[in-house]
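Coordinate analysis (summary)
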Amino acid sequence: MLAVIGGSGLSQLANLDVSHREVLRTPYGEPSGAITFGQICGRPVAFLARHGYGHTIPPHEVNYRANIWALWKRGAVGIISVASVGSIRADLRPGDVVIPHQIIDYTWGRKSTYHEGQQCTVTHIDFTEPYDRKLREQLLAAASAAGIAVSSSAVYAATQGPRLETAAEINRLERDGADVVGMTGMPEAALARELAIPYAAISVVANYAAGRADSRDGISFEAIQGVLHESMGHVRTLIEKMVGCSDQNGT
Ligand code: HPA
């Protein structure tokens, strides 16, 4: 079963034929909300709203461990993370869809591993390629089959939030090699890797990052919401194609 974690602008999957919802407790506390189970094109899909169904949980307070654990416990064999980002690069415009290939983590103070506590032996996961290669390829193939233009690589900078960045911070991220910036990509990706669940991300550019292009003098939250609403239609189509493309007939 494929699982989708939806971020800002995607608090439900309109194309999911819902069968039931389940509230799970985990050893790490409660997930952001109930997991919604159902089917897309007859294939099982689970959906979880990262910020809660009322969009009340800010990025630094998301219980990432509980979310990933709950999806793992319910049999997710792959996780597609959907999240909005700011664009650091001039050629990535608001509304664009990006499949990032790398991450730089600037978050702090988040519970970011399952490997801690007295009973645990020290464990270091390999995170050279933070996103699952095969799942990324499937996403790119699905985008191409659906005729949706996507950027096939980008370095994702995960910032702490909930505030947006300063213009100087964005300049620093650019010098570090980042292309897009968001607040939820970590520790989500690392936790999925710890549980060996293939994980890939769909980043939707909601705005130019602070100090760039039309965000030179500030970022309008209203403008972000408008862009997200439009682009999430593409994301739904992409997920539909992805679910359909993931079978052996490639239909
Ligand atoms: N910065 C961080 N996270 C974001 C942004 C941004 O500009 N836009 C959407 N998520």
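Residues numbered from 1 in each chain as written. Predicted model: local features only at pLDDT ≥ 70, side-chain atom pairs only at ≥ 80, totals over all residues. Heavy atoms only, no water.

1. Description of the overall build of the chain
Check the secondary structure of the chain and you find five helices and 11 strands. Computed over C-alpha atoms, the radius of gyration of the chain comes to 17 Å, within 12% of the 18 Å expected from 2.2 N^0.38 for 251 residues, which places it in the range of a compact globule. Judged by the C-alpha coordinates and their principal axes, the chain covers about 50 × 45 × 35 Å. Of all 251 residues assigned to the chain, the portion counted as buried reaches 49%. With 22 positive and 25 negative side-chain charges, the chain shows a separation of 3 Å between the mean positions of the two kinds. (Helix = DSSP H or I, 4+ residues; strand = E, 2+ residues; numbered from the N terminus. Rg over C-alpha atoms; globule rule 2.2 N^0.38 Å. Buried < 20%, exposed > 50% of the residue type's maximum accessible area, 1.4 Å probe, protein only. Lys, Arg positive; Asp, Glu negative; His and termini not counted. Charge placed at Lys NZ, Arg CZ, Asp CG, Glu CD.)

2. Describing the site of the ligand
Close contacts around the ligand come from Ser84, Val85, Gly86, Leu164, Glu165, Val181, Gly182, Met183 and Asn207, and that covers them all. In this structure, Ser84 approaches the ligand through a main-chain N or O atom, which is 3.5 Å from a nitrogen atom. Glu165 is positioned such that a nitrogen or oxygen atom in its side chain is 2.8 Å from a nitrogen atom of the ligand. Taking 260 Å² as the accessible area of the ligand by itself, protein coverage stands at 93%. Taking a 2 Å distance to the grid points as the criterion, the majority of the atoms of the ligand fall inside the largest pocket. Breaking the shell around the ligand down by element, the ones donating at least two residues are β5 (78–87) and β10 (180–182). The element contributing the most residues to the shell around the ligand is β5, with three residues. Looking at side-chain class alone, the shell around the ligand contains four nonpolar, four polar and one charged residues. (Near = heavy atom within 4 Å. Polar contact = N/O pair within 3.5 Å; in protein donor to acceptor, adjacent residues only side chain to side chain. Areas by Shrake-Rupley, 256 points an atom, 1.4 Å probe, with all protein chains shown as cover. 1 Å grid on protein atoms, 1.4 Å probe; cavity = no way out; pocket = protein on both sides within 12 Å on 5 of 7 lines; lining within 4 Å. Sits in = over half its atoms within 2 Å of the grid points. Nonpolar A, V, L, I, M, F, W, Y, C, P; charged D, E, K, R; others polar.)

3. Remarks on the UniProt feature "domain: Nucleoside phosphorylase" (unreviewed entry) in the chain
UniProt annotation of "domain: Nucleoside phosphorylase" (unreviewed entry) refers to residues 2–235 when read in the numbering used here. Across residues 2–235, helical content stands at 24% and strand content at 25%; the span's end C-alpha atoms are separated by 15 Å. (UniProt positions renumbered as here; feature names shortened; annotations may be inferred.)

4. Observations concerning the UniProt feature "binding site: phosphate" (unreviewed entry) in the chain
Summarizing the sequence annotation, UniProt attributes the feature "binding site: phosphate" (unreviewed entry) to Ser8, Arg50, His51 and Thr184 in the numbering used throughout. For the annotated residues, spread through 177 residues, the largest C-alpha to C-alpha distance comes to 10.2 Å, consistent with a single compact locus. From the set just named, the residues that line the largest pocket comprise Ser8, Arg50, His51 and Thr184. Along the chain, the position of Ser8 falls in the loop between β1 (2–6) and β2 (17–22).

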